[in-house]
Amino acid sequence: MSLVNKAKKNGVSLRITFLMMFIVVVAITSVLLIMSFYTLNSYNSLSETTDKYIELQDAAGSLMAASDYLTEEAQRYTVTGDRKHLDNYFTEAEVTRRREKAVEKIEKTMPDSQALKEIKEAMNDSVELMDNEYYAMTLMLNAQNDSNVPKQMRGLTLSKSEQDMTAAQQKDKAQELMHNEEYYKKKDQIRSHLDRCISELKDTTRGKQKSLGEETSRHLVLMIVFIVIQSLALILVLALTTRLGINPILRAVDRIKQNQNLPIVGANEFRYLASTYNVMYASYKKSIENLSYKASHDKLTGVYNRMGYDLIAQSVDFTTTAYLLFDADKFKEINDVHGHNTGDKIIQKINSDCRHLIEQKVNQINQALSDTSDGLPPISLSVGISFCSQAATAAEVAHEADVALYNVKKHGGGDCCFYSPDLKDEIKPTKKEKQD
């Protein structure tokens, strides 16, 4: 027998079905958790890449801001001669060091990148520009006759012609060095390198964002697919539960209320339960029938007792029925003198005599029907009798009488026959034979 035919016959095992569906759901849930983890990682990486770009862009911007700050402080010092601008200049250059920190940050994050090369070029231009700024500020120190020269500038010496200049001329020379075309050309080079650095940062970040975005999209699509599969699996579980368990139980409840056998449908376990119930129900019903027979029949003779006759009386039309009451005369004396065993045998004998009485009555009727003195042709009766039956219903009693009648007809008719179990195998009479 194939597995399909076996499944149709025995039903699908509810336990195995739920175990398989549980494994499927757990597997899908595990995959969803893993996909959620990877999606979250992709999102975090995307967010981190964006944050790094902003951070590196700020670093590149801080180098330009630091360079502009140095330019501004140097220009202010050469114009106003205020010493604090000189101090601010060297605080930025030696203490705050925003330019150097910007280069270090990009070098640490993006080593060997074009963005790093560009910011280093900008740093080199800014350092070269400092030579010009140092010289201009040295001229200003000389113009103010200020001997407190910062250590970074102590190695610088003015040319003979510049030393011979007046203070006003030295001041003008210093301002000219800080505002000439060559100086701003250098500043433009710094800005150009930083713009290319930011452009490289943007391109690199955009590439990473695109890659991570595509990866996140793939993960989300897979998650949606698995969520759909999981939903379908749950719907299938509900459908199987309804078909294999709930519906058979509801049908079984209706059958139980109607005192009927349970249908052998649904899961293998429920089929087993229904089969077991049907066997128990059949046994119970037969026990009830036996109890009903014992309650309505005399144990010794098999004839109806008082309760049995009371049941018959409920459906008898007394206008067409004769009621005969029999009593065995002096039966108590027989029991007292000869014992109850003898009394039981006499009771069984009386019952047997009833059979003989019925046979005599049938013979008398047939003798009377064979008399043609009234001018009518002779006829006889065939009689099938169910006597002291153990049948549970009136229909079964009628069937037993029908089988006995067929036995009489088969042997020529004009007689009577009492039903007995050995007549069960006789062929039932046809309608035509009954009419004969």
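Predicted model only: the values in this text are computed from it and were never measured.

A few words on the overall build of the chain. From N to C terminus, the chain includes 14 helices and two strands. Looking at the chain residue by residue over its 436 residues, the buried ones come to 29%. In the chain, the share of contacts with a sequence separation of at least 24, taken over all contacts with a separation of at least 6, comes to 63%. For the chain, the accessible area works out to roughly 28700 Å², and carbon and sulfur atoms hold 57% of it.

The next subject is the nonpolar core. Judged by nonpolar contacts, the single largest core of 41 residues is most densely connected at L63, Y89, I119, M137 and L194. Those elements that place two or more of their residues in this core are helix 2 (14–80), helix 3 (83–96), helix 4 (98–109), helix 5 (114–143), helix 7 (167–179) and helix 8 (181–257). Residue contributions to this core peak at 13 residues, all from helix 5. Judged by nonpolar contacts, the second largest core, of six residues, contains V403, A404, V408 and C417.

Moving on: the pattern of salt bridges. Applying the stated criterion to the full structure yields 15 salt bridges. K187 is paired through a salt bridge with D68; the nearest N and O atoms lie 2.8 Å apart. Of the two residues, K187 sits in helix 8 while D68 sits in helix 2, which places them 119 residues apart along the sequence. One salt-bridge network, in which partners are shared between bridges, spans D68, K187, D188 and R191.

A positive phi is found at R97, a non-glycine position, where the angle reads about 50°. Checked against the element boundaries, R97 lands in the loop between helix 3 and helix 4. With relative accessibility at 30%, the residue R97 sits in the partly exposed group. If you check the backbone angles, N145 has positive phi at about 55° while not being a glycine. Classification of N145 as exposed rests on a relative accessible area of 71%.

Judged by side-chain polarity, L19, F22, I23 and V26 come together as a nonpolar surface patch covering roughly 390 Å² of accessible area. In this structure, I23 sits in helix 2.

What follows covers helix 7. Here helix 7 spans 19 Å end to end across 13 residues, near enough to the 18 Å set by a 1.5 Å rise per residue. All buried positions along helix 7 are accounted for by Q170, A174, L177 and M178. Buried residues of helix 7 fall within an arc of 95° about the axis and therefore sit on the same side.

The next point concerns the packing of helix 4 against helix 5. To characterise two packed helices, one gives the angle between the axes of the helices and the distance between these axes. Where helix 4 contacts helix 5, the axes come no closer than 10 Å and their chain directions differ by 165°. When the axes of helix 4 and helix 5 are compared, the pair comes out roughly antiparallel. The two elements helix 4 and helix 5 meet at a crossing, and its hand is left-handed. Together, R99, E100, A102, V103, I106 and E107 of helix 4 and A115, L116, I119, K120, M123, S126, V127 and M130 of helix 5 make up the contact between the two elements. Residue composition of the contact of helix 4 with helix 5, by class: nine nonpolar, one polar and four charged.

The next thing to look at is the packing of helix 3 against helix 5. As a packed pair, helix 3 and helix 5 sit with axes 12 Å apart at the nearest point and diverge in direction by 155°. Classed by the angle they form, the pair helix 3 and helix 5 counts as roughly antiparallel. In this structure, the crossing between helix 3 and helix 5 has a hand that is left-handed. Residue-level inspection shows R83, L86, Y89, F90, A93 and E94 of helix 3 in contact with helix 5, the latter providing M130, E133, Y134, M137 and L141. For the contact of helix 3 with helix 5, a count of residues per class yields eight nonpolar, no polar and three charged.

Here we come to the packing of aromatic side chains. Summed over the entire model, instances satisfying the criterion amount to four aromatic pairs. Ring geometry for Y89 versus F90: centroids 5.2 Å apart, planes at 75°, classification edge-to-face. Owing to a relative accessible area of 0%, Y89 belongs among the buried residues under this scheme. On the accessibility criterion, F90 (9% relative accessible area) is buried. Ring centres of Y183 and Y184 lie 5.7 Å apart, and the angle between their planes is 90°; on these two criteria the pair is classed as edge-to-face. An aromatic cluster is present here, built from Y89, F90 and Y134 joined pairwise through their rings. If you follow R98 out to its NZ or CZ, it ends over the ring of Y69, 5.8 Å from the centre.

Its location among the elements puts S45 in helix 2. For S45, a relative accessible area of 28% corresponds to the partly exposed category. Between the C-alpha atom of S45 and that of Q209, which follows or precedes it by 164 residues, the distance is 8.7 Å.

The residue Q170 is located in helix 7 in this model. The buried category is assigned to Q170, whose relative accessible area is 4%. Q170 sits 30 residues away from M140 along the chain, and the two C-alpha atoms are 6.6 Å apart. Among residues more than four places away in sequence, those in contact with Q170 are L139, N142, A143, L158, E162, Q163 and M165. Within the structure, the side chain of Q170 is placed 2.9 Å from the backbone oxygen of E162, a separation counted as a polar contact.

To continue, consider the confidence of the model for the chain. Low-pLDDT stretches of the model should not have their predicted coordinates read in fine detail. Of the residues in the chain, 82% reach a pLDDT of 70 or more, and the chain-wide mean stands at 80. Note that pLDDT drops below 50 for residues 430–435; the model gives that stretch five contacts with residues more than four away or on any other chain.

Rules used throughout
- Residues numbered from 1 in each chain as written.
- Predicted model: local features only at pLDDT ≥ 70, side-chain atom pairs only at ≥ 80, totals over all residues.
- Heavy atoms only, no water.
- Helix = DSSP H or I, 4+ residues; strand = E, 2+ residues; numbered from the N terminus.
- Buried < 20%, exposed > 50% of the residue type's maximum accessible area, 1.4 Å probe, protein only.
- Contact = heavy atoms within 4.5 Å.
- Areas by Shrake-Rupley, 256 points an atom, 1.4 Å probe, with all protein chains shown as cover.
- Core = buried A, V, L, I, M, F, W, Y, C linked by side-chain atoms within 4.5 Å.
- Salt bridge = Lys/Arg side-chain N within 4 Å of Asp/Glu carboxyl O.
- Patch = residues over 30% accessible without salt bridge, like charges linked within 9 Å, V, L, I, M, F, W, Y side chains within 5 Å.
- Expected span 1.5 Å × (residues − 1).
- Arc of directions from axis to C-beta.
- Axes fitted to C-alpha atoms, helices over the stretch in contact; angles between N-to-C directions.
- Parallel < 35°, antiparallel > 145°, perpendicular 65-115°, else oblique.
- Left-handed = near helix turned anticlockwise from the far one by under 90°.
- Nonpolar A, V, L, I, M, F, W, Y, C, P; charged D, E, K, R; others polar.
- Phe/Tyr/Trp six-rings, centres within 6.5 Å; stacked < 30°, edge-to-face > 60°.
- Lys NZ or Arg CZ within 6 Å of the ring centre and 35° of its normal.
- Polar contact = N/O pair within 3.5 Å; in protein donor to acceptor, adjacent residues only side chain to side chain.
- pLDDT = per-residue confidence, 0-100.

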